[in-house]
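Below are the chains, spelled out letter by letter.
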Amino acid sequence: MFNQPKVAIIMGSKSDWETMKKAADVLDLFGMPYEKKVISAHRTPDLMFDFSEKARGRGIQVIIAGAGGAAHLPGMVAAKTTLPVIGVPVKSRTLNGVDSLLSIVQMPGGVPVATMSIGDAGAQNAGLYALQILTLADDDLANRMAKFREDQKQTVLESSDQLD
Ligand code: RP5
C-alpha cells in the first residue's frame, strides 16, 4: 500500500470543488497524499455506499466530505463507516450555507460527523483537522504541525507592524 492515500476528499458535486480545494491545498502544503472524488448522496447513492463500505479496507484513515444545500453526504457516509468523517458545509447559492451547516451538524446520537464552519475556512480547517488526526501515529507530522502553528503565530505578531 505504498503511497496509498490516507485521506479521501469527497464532495457532492463538481461545483463544490472551489471550496473543497482549500482542504486539498492544506494537504498539499504538508505533502500528504489524498484522493478526491465527486460522490453525490442523492444522484449516486450506490456509489456513496460502495465508497463508504470499502474506504477502510483500501487504507483510507480520514474522510473529508463536503456538500451544500440538503447536505446528506457526510452523515450518510458516516452511517456506513467507522472511519472519522469531517463534514464541510459548502456555501449554497440560495441560503448561504446555513442549510448545509444544519444538514451536516444535526446528526443523531450514535453516528458522529465532525462538522466544520461554512465555506473556505471550514474546508481549510477540515484539511488541518484530518492532519491532526494523523499526527496521533506520526511524530514527524506532529512536529510539522507544531511548526505550522508557530509560523502562523509569527505572521500574526508581525502583522501589527504592517498596519498603515
Ligand atoms: C449538493 O448540491 C452538492 O454538494 C452541491 O453543493 C449542491 C448543488 O449541486 P449542483 O447543482 O451544483 O451540482 O448535492
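Residues numbered from 1 in each chain as written. Predicted model: local features only at pLDDT ≥ 70, side-chain atom pairs only at ≥ 80, totals over all residues.

Observations concerning the confidence of the model for the protein
For the protein, per-residue confidence averages 97 on the pLDDT scale, and 99% of positions sit at 70 or higher. The ipTM assigned to the predicted complex is 0.96, against a pTM of 0.96. (pLDDT = per-residue confidence, 0-100.)

Thoughts on the environment of Thr19
Tracing the sequence through the fold places Thr19 in helix 1 (residues 17-29). For Thr19, a count of 25 C-beta atoms within 10 Å corresponds to the buried category. Each C-alpha atom of the pair Thr19 and Pro5 lies 20 Å from the other, and the pair is 14 residues apart in sequence. Apart from residues lying up to four places away in sequence, Thr19 is in contact with Gly66, Val88, Val90, Lys91, Gly119, Asp120 and Ala123. (Helix = DSSP H or I, 4+ residues; strand = E, 2+ residues; numbered from the N terminus. Buried ≥ 20, exposed ≤ 12 C-beta atoms within 10 Å, placed from the backbone. Contact = placed C-beta atoms within 7 Å.)

Notes on unusual backbone geometry
For Asn96, which is not a glycine, the phi torsion comes out positive at approximately 60°. Within the fold, Asn96 resides in the loop between strand 4 (85-90) and helix 4 (98-105). For Asn96, a count of 13 C-beta atoms within 10 Å puts it in the partly exposed group.

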